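Remarks on the overall topology
Single-letter residue listing:
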Amino acid sequence: EDQVTQSPEALRLQEGESSSLNCSYTVSGLRGLFWYRQDPGKGPEFLFTLYSAGEEKEKERLKATLTKKESFLHITAPKPEDSATYLCAVRPPGYSSASKIIFGSGTRLSIRP
Amino acid sequence: SQTIHQWPATLVQPVGSPLSLECTVEGTSNPNLYWYRQAAGRGLQLLFYSVGIGQISSEVPQNLSASRPQDRQFILSSKKLLLSDSGFYLCAWGPPPPLAGVRETQYFGPGTRLLVL
């Protein structure tokens, strides 16, 4: 069964303390890996799409990278407003009119001022 | 640009009462539409998806049903709510194949918080 595992479940950092979130997947031949940010009580907000191993995407203090088995979301010099749950999702191989994606359980990131 | 709306934002319902949650999308045609449920501190569970008007696929057998009466309208319903139906319900849209490249993802609405008492 295709699985997406995110670690750690929760991460508390001091403002300015850089770190990385991990997303590992068992899907072979995935057709896209996606990162979302979700604030409490709100819907997930799309951040990045990665497709090929070695690909990188950046947005402000966030950088997402992809290997054949996992993706990392690096956060550099985070600020309290970066506190949120970060979700990873993958699209499995094979054609599907539904274009379903599989989500991980997320990493709750908390940045202390 | 595309926008997605959900209402109500919050709902408190007694056990055994009916449910109707609505989702509408603007700025796109023939989208794929999805209903997810998110339990507290958990990931997203896909409940239903639709690739066109009147076309509904169920992912998880449950007390809920979905309908798509119009191209950009998706409704989640129940005849009798259970305590276990409480949760955060999210509607999402995505572009349909073959227009969607592999890089296309799903875009979420603001969600509905449902509490069944």
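Everything that follows concerns the structure shown earlier in this document.
Details of the pairing of strand 5 (residues 44-52) of chain B
Residues and elements named next belong to chain B. The buried fraction of strand 5 is high, at seven of nine residues. Joining the antiparallel neighbours strand 4 (residues 32-38) and strand 5 is a turn of five residues, in which Gly-41 adopts a positive phi near 70°. Bridging between strand 5 and strand 6 (residues 55-58) involves three bridges; their strand directions are antiparallel. By the bridge assignment, Gly-52 is partnered in strand 6 with Gln-55. The antiparallel pairing of strand 5 with strand 6 creates a hairpin that spans two residues between the two strands, and Gly-54 there sits at a positive phi of about 75°.

Re the side chain of Gln-73 of chain B
Residues and elements named next belong to chain B. Take Gln-73: it is sitting in strand 8 (residues 73-78). With relative accessibility at 12%, the residue Gln-73 sits in the buried group. Reaching out from Gln-73, the side chain makes a polar contact with the side chain of Glu-22 at a distance of 2.6 Å. Among all residues touching Gln-73, those that are not within four sequence positions of it are Glu-22, Cys-23, Thr-24, Leu-33, Ser-67 and Arg-68.

A look at the nonpolar core
Core analysis: the largest hydrophobic core is formed by 24 residues, its most contacted members being Tyr-25, Leu-33, Trp-35, Leu-73 and Tyr-86 of chain A. If you list the elements that add at least two residues to this core, you get strand 2 (10-14), strand 3 (19-25), strand 4 (33-38), strand 5 (45-50), strand 7 (62-66), strand 8 (70-75), strand 9 (84-90) and strand 11 (107-112) of chain A. With near-sequence residues (within four places) excluded, Leu-33 of chain A lies in contact with Cys-23, Tyr-25, Phe-48, Thr-49, Leu-50, Leu-66, Ser-71, Cys-88, Ala-89 and Val-90 of chain A. Ranked by size, the runner-up nonpolar core spans 20 residues in total, among them Ile-4, Cys-23, Trp-35 and Ala-66 of chain B.

Overview of unusual backbone geometry
Cis peptide bonds are those with omega within 30 degrees of zero, and the linkage from Ser-7 of chain A to Pro-8 of chain A qualifies with -10°. The topology assignment puts Pro-8 of chain A in the loop between strand 1 (4-7) and strand 2. Following Trp-7 of chain B, the chain continues to Pro-8 of chain B via a peptide bond in cis, the omega torsion being 0°. Within the fold, Pro-8 of chain B resides in the loop between strand 1 (3-7) and strand 2 (10-13). The phi dihedral of Glu-60 of chain A is positive, around 55°, even though this residue is not glycine. With respect to the secondary-structure elements, Glu-60 of chain A resides in the loop between strand 6 (56-59) and strand 7.

Focus on the side chain of Thr-112 of chain B
All names here are of chain B. Tracing the backbone shows Thr-112 in strand 11 (residues 112-116). Look at Thr-112 and you get buried, because its relative accessible area is 0%. A distance of 2.5 Å separates a polar side-chain atom of Thr-112 from the backbone oxygen of Pro-8. Sequence-distant contacts of Thr-112, that is, excluding residues within four places in its chain, are made with Gln-6, Trp-7, Pro-8, Ala-9, Leu-21, Gly-87, Phe-88 and Tyr-89.

Each value, and the rule that gives it
- Residues numbered from 1 in each chain as written.
- Chains lettered and ligands numbered in written order.
- Predicted model: local features only at pLDDT ≥ 70, side-chain atom pairs only at ≥ 80, totals over all residues.
- Heavy atoms only, no water.
- Buried < 20%, exposed > 50% of the residue type's maximum accessible area, 1.4 Å probe, protein only.
- Helix = DSSP H or I, 4+ residues; strand = E, 2+ residues; numbered from the N terminus.
- Pairing = 2+ DSSP bridges.
- Polar contact = N/O pair within 3.5 Å; in protein donor to acceptor, adjacent residues only side chain to side chain.
- Contact = heavy atoms within 4.5 Å.
- Core = buried A, V, L, I, M, F, W, Y, C linked by side-chain atoms within 4.5 Å.

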